[in-house]
Amino acid sequence: MKISVMGTGYVGLVTGTCFADLGNDVICADIDEKKIATLKRGESPIYEPRLIEMMRMNADMGRLRFTTDIEEAVRASEVIFVAVGTPPGPDGEADLSQVHAVAEAVGKAMDGYRVVVNKSTVPVGTGFSVKKTIAENQPKKIDFDVVSNPEFLREGSAIQDFMYPDRVVIGCQDHKAGDIIAELYAPLDTDIIITDILSAELIKYASNAFLALKISYINEIANICDLVGADIKEVVNGVGKDSRINPAFFGAGIGYGGSCFPKDTTALIDIAKRAGYDMKTVRAAVDVNDKQRAMLVSRMDGIMGGLKGKKIAVWGLSFKPNTDDLRESPAFDLINLLKDKGADVTAYDPITSGAAKELLSGVTIVEDAYDALEGADSLVVATDWNMFKEAELSRMKGLMARPLVFDGRNIYDPEKLRAAGFEYYGVGRK
Ligand code: NAD
């Protein structure tokens, strides 16, 4: 099939590359000229495991092209995926300006039947407003359909998630359009759920908000562990083994971040509010998450006898491991709170150190994890990259002024660290 993907960010680039790999003829379009120039050189603007190899292979085979010519992309394909950003607006609502800009461009340029597939995470009802925008911008009436196909991939395992999804959700008004998209996904061995557009749009928010709830819930249980002396790993093991609950997205730490959970939770609260409903559970999840970093900093403050002038090493800047995405990263929140208390912060991240330098002022960013530890009064682990799990404990201890570890992601075994001479504090760890 001929496919165009509008928006070549984390979702658009992975979608385009994976559909090309499945044998389709794909054009990825974006208004960001720098991004498209990078992609045309065979380089990737983002870090995502396995992406660059797959991208280059499919580009070499002529199945994957990149362009800034939106009109060309609309005319080239019958199926047009929309994968532009839907950032939060001032009141937490989703900002749909990028989605409607694409709809306008599609309406103006289409010269035959098109299926416009919305992959961006959008409020319930957007499928219909996109349909209206396309129709209003058509120079002459041409038949088209709008389909909702929310994306569930996770950064850091995006290719794997796209190729082996738990399910594919397709929301449509017209089964002809839904069937075209279902056929595209047919090579994947998964359940294809065909439903109406409104339900498909809500499925995405309901999924992300539930995962956010799960994380905030276990973080509260971890906070109780700290107060009563229980161990969160033991608790999660016992609770997560219940098949009704399951252990995924059930790790305690300094809370969730990234480009999806924070904005999708506030957007769902806004969707509910506009419909006249107060979404209390999700509001509580957001509130707990907002406080989780401050709780660790306050604990550090107490244990270290104040943070003013203290040298603190932070390991990890991306919002999770195996991605270079810094959007809404809990590490940034944590660093800003430490700086507010007068701490002297040195940070390291295996992928994002360069980009972080431009975003974080008043923080020393180093290129080697161990350099961050030199003379440090404590280390905080903010992102659970594997390399931190395998760090050399004796080398770490030798470099630090005080061998004190605050493990914001619970990656270490407390007993092992204590046996190696560290003072150790996890989140909810004994
Ligand atoms: P992103 O910011 O990485 O990419 C969006 C791209 O769209 C950018 O490259 C931007 O230049 C481009 N763009 C903006 N306006 C355009 C226009 N008019 N025409 C063409 N291109 C345009 O965003 P993302 O992280 O890929 O997310 C995209 C959508 O997918 C969002 O709605 C997000 O909530 C959803 N989503 C994201 C993830 C994720 O893990 N990142 C997962 C599932 C769903």
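Every chain is numbered on its own, with residues counted from 1 as its sequence reads. The predicted origin of the model limits local features to residues at a pLDDT of at least 70 and limits the giving and counting of side-chain atom pairs to 80 or more, whereas totals for whole chains, interfaces and linings rest on all residues. The basis for the side-chain values is all heavy atoms of the structure; hydrogens and waters are excluded.

Draft legend 1. Fine view of the nonpolar core. Phe81, Ile181 and Tyr185 are the most contacted members of the largest nonpolar core, which has 40 residues in total. Should any heavy atoms of two residues lie within 4.5 Å, those residues are considered in contact. The contacts of Phe81, once residues within four sequence positions are left out, are Ile3, Ser4, Val5, Met6, Phe19, Val117, Lys119, Asn149, Leu184 and Tyr185. Here, nonpolar core refers to any group of buried Ala, Val, Leu, Ile, Met, Phe, Trp, Tyr and Cys residues whose side-chain atoms link them within 4.5 Å. In this scheme, a residue with accessible area under 20% of its type's maximum is buried, one over 50% is exposed, and one in between is partly exposed, where area comes from a 1.4 Å probe on protein chains only. One finds Leu296, Phe332, Ala347 and Phe406 within the second-largest nonpolar core, a separate group that totals 26 residues.

Draft legend 2. A look at the packing of helix H9 (residues 197-228) against helix H10 (residues 232-240). Fitted lines through C-alpha atoms give the axes, limited to the stretch in contact for helices. The angle between two N-to-C directions lies from 0 to 180 degrees. Only DSSP runs of H or I covering at least 4 residues are called helices, and only runs of E covering at least 2 are called strands; the numbering of each starts at the N terminus. Viewed as axis vectors pointing N to C, H9 and H10 meet at an angle of 135°, and their least axial separation amounts to 9 Å. Between H9 and H10, the interaxial angle falls into the category oblique. Here the hand of the crossing between H9 and H10 comes out right-handed. Counted together, Ile218, Ile221, Ala222 and Cys225 of H9 and Ile232, Val235 and Val236 of H10 form the full contact between these two elements. Charged residues are taken to be Asp, Glu, Lys and Arg, nonpolar residues to be Ala, Val, Leu, Ile, Met, Phe, Trp, Tyr, Cys and Pro, and polar residues to be all remaining types, Gly included. Counted by class, the contact of H9 with H10 contains seven nonpolar, no polar and no charged residues. For classification, angles of less than 35 degrees are called roughly parallel, those exceeding 145 degrees roughly antiparallel, those between 65 and 115 degrees roughly perpendicular, and all remaining angles oblique. Here a crossing is called left-handed whenever its near helix is offset anticlockwise from the far helix by less than a right angle, and right-handed whenever the offset is clockwise.

Draft legend 3. Region of interest: the site of the ligand. Near the ligand, the surroundings consist of 26 residues, among which Asp30, Lys35, Thr86, Glu155 and Lys263 are the closest. Pairing of N or O atoms within 3.5 Å defines a polar contact, subject to two protein rules: one partner must be a possible hydrogen donor and the other a possible acceptor, and residues neighboring in sequence count only if both atoms are side-chain atoms. At 2.8 Å, a backbone N or O of Val11 approaches an oxygen atom of the ligand. One nitrogen or oxygen atom from the side chain of Asp30 is found 2.6 Å from an oxygen atom belonging to the ligand. Here the ligand loses 90% of its free accessible area of 840 Å² to cover by the protein chains. Where the shell around the ligand is concerned, the elements lending two or more residues are helix H1 (10-21) and helix H5 (97-109). Each residue is tested against the molecule or strand, and it is near if at least one of its non-hydrogen atoms lies within 4 Å. Using a 1.4 Å probe, accessible areas were evaluated by the Shrake-Rupley method; residue-level cover was limited to the displayed protein chains.

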